[in-house]
Amino acid sequence: MPDGLTRRARSFVGTHGVKVDVRPVEGHRQWWLERDIPAAVIDRMVAFQERWGGLLLPPAPRYDGGPKYLDPDSPEGSDSEGWWFEAGMQRTAVPYSFMIGPSGEFGIHTDRWTPLHVTVEGWVESLALAHHASMWARQVTKLVGDDVDGIDLDGYEPVREVMGLADTWWRGTDSLVAVYSGEAESLSFPRGRVALIYSGLDEWGLRGGVESGDS
């Protein structure tokens, strides 16, 4: 079980996560070095695989479910721009790759890099929260495109554990709001912006036993 997750996310991974066998990326080190991939980038990939490699989680509500399972591959970039590597294979034929960015961000990459969360932990936390909220909400409302701008988030607080960038979560008095902007930004497709509003939540539904600062 990776550390650095909230109790809610640890429960989600422990209950719903599956570990599949993956081929160690260390075996490709010499091949990558011969193609001018820096050793430090390969070290990052090895560390990522040791922490997350082979972890298969239930599908995400967006991005056609997200990576099928987490496993690093395909480093790309430059010393001037930074280096990315693939976070895991897509479940379906989406027009982007799931990548880990130069500073460890989890995001999607087409011609444009769009970080979704500050870390892969944030991505896992968002999956856990989506699963939890869908179980406890009395109603789930979906808004698309310009309609997302009509959501009044006054009185809401950011859900900090998801470490949102393009994708964010917000907590109100009886509802949670997830705003997914990654596809809209990466593909220059405004109608790709989606919000899911989970309403009718009690205190357990809002937090799942996780308080501010809990891990």
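Everything discussed here concerns the structure shown above.
Not measured: the values here are computed from a predicted model.

About the criteria used
- Residues numbered from 1 in each chain as written.
- Predicted model: local features only at pLDDT ≥ 70, side-chain atom pairs only at ≥ 80, totals over all residues.
- Heavy atoms only, no water.
- Salt bridge = Lys/Arg side-chain N within 4 Å of Asp/Glu carboxyl O.
- Helix = DSSP H or I, 4+ residues; strand = E, 2+ residues; numbered from the N terminus.
- Buried < 20%, exposed > 50% of the residue type's maximum accessible area, 1.4 Å probe, protein only.
- 1 Å grid on protein atoms, 1.4 Å probe; cavity = no way out; pocket = protein on both sides within 12 Å on 5 of 7 lines; lining within 4 Å.
- Points joined across faces, edges and corners; volume = space filled by probe spheres on them.
- Nonpolar A, V, L, I, M, F, W, Y, C, P; charged D, E, K, R; others polar.
- Axes fitted to C-alpha atoms, helices over the stretch in contact; angles between N-to-C directions.
- Parallel < 35°, antiparallel > 145°, perpendicular 65-115°, else oblique.
- Contact = heavy atoms within 4.5 Å.

Undergrad: Please explain the pattern of salt bridges as it appears in this structure.
TA: Close approach of charged atoms allows side chains with opposite charge to pair. In total, this model carries 13 salt bridges according to the counting rule given. Of the charged contacts, one joins R171 and E157 as a salt bridge, the two residues approaching to 3.1 Å between their closest N and O atoms. Taken together, the residues R171 in strand β10 (residues 167–171) and E157 in strand β9 (residues 157–158) connect sequence positions 14 residues apart. Taking relative accessible area as the criterion, R171 reaches 6% and is therefore assigned buried.

Undergrad: What's the story with empty space enclosed by the protein in this structure? I'm lost.
TA: Where empty space is left becomes clear once a probe the size of a water molecule has been rolled over the atoms. In total, this model carries 1 cavity of 30 Å³ or more according to the counting rule given. Looking at the largest cavity, its volume works out to about 60 Å³. Mapped onto the lining of the largest cavity, the elements with two or more residues apiece are β2 (55–56) and α4 (120–136). Broken down by class, the residue content of the lining of the largest cavity amounts to 9 nonpolar, 1 polar and 2 charged.

Undergrad: Is there a simple way to think about the packing of helix α1 (residues 7–16) against α4 in this case?
TA: Between two packed helices, the angle of one axis relative to the other and the distance separating the axes together describe the packing. At a minimum axis distance of 9 Å, the contact between α1 and α4 shows a crossing angle of 80°. With respect to each other, α1 and α4 are oriented roughly perpendicular. Residues R8, A9, F12, V13 and H16 of α1 form the contact with α4, whose participating residues are V124, E125, L127, A128, L129, H131 and H132. When the residues that make up the contact of α1 with α4 are grouped by side-chain class, the tally is 7 nonpolar, 3 polar and 2 charged.

Purely spatial values, then, with no claim about function.
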